[in-house]
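Residue-level structural notes
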Amino acid sequence: QVQLQQSGPGLVKPSQTLSLTCAISGDSVSSNTVAWNWIRQSPSRGLEWLGRTHYRSKWYYEYAESLKNRITVNPDTSKNQFSLQLNSVTPEDTAIYYCARSRSPPLIFDLWGRGTLVTVSS
Amino acid sequence: QSVLIQPPSASGTPGQKITISCSGSRSNIGSNTGNWYQQLPGTAPKVLIYSNDQRPSGVPDRFSGSKSGTSAYLAISWLQSEDEADYYCATWDDSLNGPVFGGGTKLTVL
C-alpha cells in the first residue's frame, strides 16, 4: 500500500524557513511515471499548488510563479523522500501543507499525505 | 481569489440530486480536463472524478462529472448524509503553467 508520511515543525517564526519532509513507502521518488508535489490549504487562499519535482532521465523542478523566489522542492533518493523549503515566511504562509503524488496526463493528484498544520508566528 | 470559481455552498435532502459548477477560462478548463476532489472534515482531499467524467475504482456511480466549454460540473445523485463534505474542482492552467483549484463548495445534506 502506497503511503506518504509527512514530518516537520508546526510552528515557524516570521522571516525564517519552513521545512517539511514527505517520506514515500510503496513507490519511488525516482519513478518516471509520477510527480511529487506540495500543496497548501488555508481559509483565505483555499487549495494552492506550490511546486513539484519529477524524474524523467533527469530531475525536473516546477514552482508556482508567486513563490518562485522563495521555494525549493528537493528529492532525496537515499531516503526515498522529498522535501519543501519555503524561505522568508510571513503569517500569510500559515496553512495546512500537504504532500501529494500526481500522475499525468491527465493530471490527477491520486495520493495525499495527511497534512501538516504550519503556523507562522513569533 | 481562486482561479476556478465554485459556489461556496450547496445543499440537498437525502435522495435528491444536486449539481456543483466550476467556472474557468480557455486557459484552464477550456483546454484541459477537469478533476473533482472530495474532502471530508479533518482529512486530505480524495480524487472523485478525473478526466472530466471518469471515476476511480471505489467511487460510487452516484457521482458523475461533465464539462461544457469553460465549465465543469459535478453531479451527485441519491444524496446521502455521508456525502456532506467540501468539493473542489481542479485542472491544469496553460497560462499559469501549473495546477489550479476552485475555492471549494461545502455540501450540506439537510
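Remember, predicted model here, so these are calculated numbers, not experimental data. (Residues numbered from 1 in each chain as written. Chains lettered and ligands numbered in written order. Predicted model: local features only at pLDDT ≥ 70, side-chain atom pairs only at ≥ 80, totals over all residues. Heavy atoms only, no water.)

**As for the state of the cysteines**
The following threshold applies: Sulfur atoms of two cysteines make up a disulfide when they are within 2.5 Å. Segments assigned H or I by DSSP are reported as helices when at least four residues long, segments assigned E as strands when at least two residues long, and all are numbered from the N terminus. The rule is simple: take the accessible area with a 1.4 Å probe, protein chains only, and divide by the maximum for that residue type; under 20% is buried, over 50% is exposed, in between is partly exposed.
By the definition in use, this model includes two disulfides over all chains. Bridging Cys22 of chain A to Cys99 of chain A, the disulfide has an S-S length of 2.1 Å. Disulfide Cys22 of chain A-Cys99 of chain A: torsion about the S-S bond near 60 degrees, hence right-handed. Of the two residues, Cys22 of chain A sits in strand 3 (residues 18-25) while Cys99 of chain A sits in strand 9 (residues 95-103), which places them 77 residues apart along the sequence. Residue Cys22 of chain A shares its accessibility class with Cys99 of chain A, and that shared class is buried. Here Cys22 of chain B engages in a disulfide with Cys89 of chain B; their sulfurs sit 2.0 Å apart. In this structure the cystine formed by Cys22 of chain B and Cys89 of chain B twists about its S-S bond by roughly 75 degrees; its chirality is therefore right-handed. Within this pair, whereas Cys22 of chain B is found in strand 2 (residues 18-23), its partner Cys89 of chain B is found in strand 7 (residues 85-93), the two being separated by 67 residues in sequence. With respect to class, Cys22 of chain B is no different from Cys89 of chain B; both count as buried.

**Overview of the interface of chain A and chain B**
The line we're drawing: What makes two residues a contact is simply this: any of their non-hydrogen atoms within 4.5 Å. Summed over both partners, the accessible area (1.4 Å probe) lost when two parts come together is defined as the buried area. Basic side-chain nitrogens of Lys or Arg form a salt bridge, by our definition, when they fall within 4 Å of a carboxyl oxygen of Asp or Glu. The term polar contact refers here to a pair of N or O atoms within 3.5 Å; inside protein, the definition further demands a hydrogen-donor-capable atom paired with an acceptor-capable atom, and it admits residues adjacent in sequence only when both atoms are side-chain atoms.
Taken together, the contact between chain A and chain B spans 15 residues of the former and 16 residues of the latter. Interface area for chain A against chain B, summed over the two sides, is near 1500 Å², with a carbon-plus-sulfur share of 65%. Here chain A is connected to chain B by zero salt bridges. Where chain A touches chain B, the interface holds six residue pairs in polar contact (both at pLDDT 80 or more).

**Regarding the pattern of salt bridges**
Residues and elements named next belong to chain A. All chains considered together, the criterion is met by eleven salt bridges over all chains. The closest approach of N and O atoms between Asp93 and Arg40, which form a salt bridge, is 2.9 Å. Of this pair, Asp93 sits in the loop between strand 8 (81-86) and strand 9 while Arg40 is found in strand 4 (residues 34-42), placing the two residues 53 residues apart along the sequence. Comparing Asp93 with Arg40 shows no difference in burial state: the two are buried. One salt bridge connects Arg45 with Glu92, and the closest N-O pair in it is separated by 3.6 Å. On the criterion of sequence distance, the pair formed by Arg45 in the loop between strand 4 and strand 5 (46-55) and Glu92 in the loop between strand 8 and strand 9 is long-range, its members being 47 residues apart. Taken together, the shared-partner salt bridges connect Arg40, Arg45, Glu48, Arg70, Glu92 and Asp93 into one network.

**Side note on the packing of aromatic side chains**
As a reminder of what qualifies: Here the aromatic set is Phe, Tyr and Trp, taking the six-membered ring for Trp, and pairing holds for ring centres within 6.5 Å; pairs whose planes are under 30 degrees apart are stacked, those over 60 apart are edge-to-face, and all others are tilted.
In the structure shown here, the tally under the stated rule is nine aromatic pairs over all chains. Here Phe109 of chain A and Tyr37 of chain B contribute two aromatic rings whose centre-to-centre distance is 6.4 Å and whose plane-to-plane angle is 45 degrees, an arrangement assigned as tilted. With Phe109 of chain A in strand 10 (residues 108-112) and Tyr37 of chain B in strand 3 (residues 35-39), this pair bridges two chains. Pair check on accessibility: Phe109 of chain A and Tyr37 of chain B agree, each one buried. What links up through ring pairs into an aromatic cluster is the set Tyr98, Phe109 and Trp112 of chain A together with Tyr37 and Phe101 of chain B.

Everything listed here is a matter of coordinates, which is why it stays silent on function.
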